[in-house]
Amino acid sequence: MAEIVRDDDHSNGAPTIAGTGIRVVDIAKAYEHSGYSPDEIVGFYPALTLGDVHTALAFYYDHIDEFRSTSSPASA
């Protein structure tokens, strides 16, 4: 299962799934706003496992206030 990391040299320090560069917020947008299932998200991001997607979603919901305060509704 993946680790969530922040790297100032990548994605302006946004949380990403370690070793992939895929941002947590992109996983959350696909799930929460576009309505894709975790299985479908794995299909979009073949580098991820189902566990990785769930880890990203758990991180997102554990830090949801931070994510919502740094994004506008148009970008969420």
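The structure we're discussing is the one just above.
Residues numbered from 1 in each chain as written. Predicted model: local features only at pLDDT ≥ 70, side-chain atom pairs only at ≥ 80, totals over all residues. Heavy atoms only, no water.

Visitor: Lay out the sheet that holds strand S2 (residues 16-17) in plain terms, naming residues and giving numbers.
Guide: Strand order in the open sheet made by the three strands is S1-S2-S3, with antiparallel pairing throughout. Of all strands in the sheet, those with a lone pairing partner are strand S1 (4-5) and strand S3 (22-23), marking the two edges. In this sheet, S3 lies alongside S2 in antiparallel orientation, the contact comprising two bridges. Its bridge partner being in S3, Ile 17 is matched across the sheet by Ile 22. (Pairing = 2+ DSSP bridges. Helix = DSSP H or I, 4+ residues; strand = E, 2+ residues; numbered from the N terminus.)

Visitor: Pulling in residues and values, what's your account of the pattern of salt bridges?
Guide: Taken as a whole, this structure holds three salt bridges when the rule is applied. Linking Glu 32 and Arg 68 is a salt bridge whose minimum nitrogen-to-oxygen distance equals 3.6 Å. Placement of the pair is Glu 32 in helix H1 (residues 24-33) and Arg 68 in helix H4 (residues 64-70), with a sequence separation of 36 residues. According to the relative accessible area criterion, Glu 32 is partly exposed, its value standing at 28%. (Salt bridge = Lys/Arg side-chain N within 4 Å of Asp/Glu carboxyl O. Buried < 20%, exposed > 50% of the residue type's maximum accessible area, 1.4 Å probe, protein only.)

Visitor: Give me the lowdown on the packing of H1 against helix H3 (residues 50-62), citing residues and values where you can.
Guide: Packing of H1 against H3 leaves a shortest axis separation of 9 Å and a crossing angle of 90°. In this view, H1 runs roughly perpendicular relative to H3, as classed from their interaxial angle. Counting all contacts with H1, which are made through Val 24, Ile 27, Ala 28, Tyr 31, Glu 32 and His 33, the residues of H3 involved are Val 53, Ala 56, Leu 57, Phe 59, Tyr 60 and Tyr 61. Of the residues that constitute the contact of H1 with H3, the class distribution is 10 nonpolar, one polar and one charged. (Axes fitted to C-alpha atoms, helices over the stretch in contact; angles between N-to-C directions. Parallel < 35°, antiparallel > 145°, perpendicular 65-115°, else oblique. Contact = heavy atoms within 4.5 Å. Nonpolar A, V, L, I, M, F, W, Y, C, P; charged D, E, K, R; others polar.)

Visitor: Tell me about the environment of Leu 48, residues and numbers included.
Guide: Mapped onto the fold, Leu 48 is located in the loop between helix H2 (38-44) and H3. Since its relative accessible area comes to 4%, Leu 48 is described here as buried. Sequence separation between Leu 48 and Ile 27 is 21 residues; the distance between their C-alpha atoms is 10 Å. Not counting chain neighbours up to four residues away, the residues in contact with Leu 48 comprise Ile 17, Thr 20, Ile 22, Ile 27, Val 42 and Val 53.

Visitor: Break down the nonpolar core for me, citing the residues and quoting the values.
Guide: Counting 18 residues, the largest nonpolar core has Ile 17, Val 24 and Ile 27 as the members making the most contacts within it. The set of elements that each furnish at least two residues to this core consists of H1, H3 and H4. Setting aside chain neighbours within four positions, we find Ile 27 in contact with Ile 17, Ile 22, Ile 41, Tyr 45, Leu 48, Val 53, Ala 56 and Leu 57. (Core = buried A, V, L, I, M, F, W, Y, C linked by side-chain atoms within 4.5 Å.)

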